[in-house]
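Survey of secondary and tertiary structure
What follows is the residue order along each chain.
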Amino acid sequence: MSRVVCRNCVLALGCGPHYEFAIEEFCLAKFRLDMQELDQRHWCSWEDTVELYGELTNCTSLVAHKMDCFWPNRLVDEFFIRVHKHYFHNCSLSGRQLKDPPNRILGPFIVVPILVTLLMTALVVWRSKRSEGIV
């Protein structure tokens, strides 16, 4: 019984250095090239990096499955922490670059409350003048 446990431990630990080397060589190398092609000002734009990030994630998963490693695992977590510290350390917590919405979206959120306020004020004034003559 102890041999089985020990054998499983060796197999699980055996993924470590080889898996780490494989994801560095295959996955991170391509991600680095892709990110170099992308202007550094766009690194925080989720729209610009989502495909590259997805490819990196899929690559780490594919390598893990080919090497009979569990995925996700501690090495993958540490790998992505290093990637985030290098490429995304200046980005907001949501991972998206913060910017104002377009005017076609922002406009109604400004105009509608103003119109409702003016309409309600006019309605109150009209009702108050109308009720003065009834008394």
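So, here is what we can say about the structure in this document. (Residues numbered from 1 in each chain as written. Predicted model: local features only at pLDDT ≥ 70, side-chain atom pairs only at ≥ 80, totals over all residues. Heavy atoms only, no water.)

Focus: helix 2 (residues 46-66)
For helix 2, which comprises 21 residues, the first-to-last C-alpha distance of 29 Å matches the rise-based estimate of 30 Å (1.5 Å per residue) to within 8%. Along helix 2, the residues that are buried comprise Thr-49, Leu-52, Tyr-53, Leu-56, Thr-57, Thr-60, Ser-61, Val-63 and Ala-64. (Helix = DSSP H or I, 4+ residues; strand = E, 2+ residues; numbered from the N terminus. Expected span 1.5 Å × (residues − 1). Buried < 20%, exposed > 50% of the residue type's maximum accessible area, 1.4 Å probe, protein only.)

With respect to the nonpolar core
Of all hydrophobic cores here, the largest spans 25 residues; its most connected members are Tyr-19, Phe-31, Met-35, Val-83 and Phe-88. Put simply, the parts of the chain that give this core at least two residues each are helix 1 (2-37), helix 2 and helix 3 (74-87). Here this core takes eight residues from helix 1, the largest share from any one element. Every residue in contact with Tyr-19, bar those within four places of it in the chain, is listed here: Thr-60, Val-63, Ala-64, Met-67, Cys-69, Trp-71, Asn-73, Leu-75 and Val-76. (Core = buried A, V, L, I, M, F, W, Y, C linked by side-chain atoms within 4.5 Å. Contact = heavy atoms within 4.5 Å.)

Considerations on unusual backbone geometry
With an omega of -5°, the peptide bond running from Trp-71 to Pro-72 counts as cis. Take Pro-72: it is sitting in the loop between helix 2 and helix 3.

Digging into the pattern of salt bridges
A full pass over the atoms with the stated rule returns six salt bridges. A salt bridge links Arg-41 to Asp-39; the nearest nitrogen and oxygen atoms lie 2.4 Å apart. Under the relative-accessibility criterion, Arg-41 is labelled exposed at 65%. Residue Asp-39 is classed as partly exposed on the basis of its relative accessible area of 31%. (Salt bridge = Lys/Arg side-chain N within 4 Å of Asp/Glu carboxyl O.)

Side note on helix 3
Helix length check: helix 3 (14 residues) gives 20 Å between terminal C-alpha atoms against 20 Å at 1.5 Å per residue, within 8%. Regarding helix 3, the residues found buried are Leu-75, Val-76, Phe-79, Phe-80, Val-83 and Tyr-87. For helix 3, the angular spread of the buried residues around the axis is 130°, confining them to a single face. Looking at helix 3, the residues exposed on the side facing more than 90 degrees away from the buried face are Arg-74 and Lys-85. At the N-terminal boundary of helix 3, the capping side chain belongs to Asn-73, with an oxygen 2.9 Å from the backbone nitrogen of Leu-75. (Arc of directions from axis to C-beta. Polar contact = N/O pair within 3.5 Å; in protein donor to acceptor, adjacent residues only side chain to side chain.)

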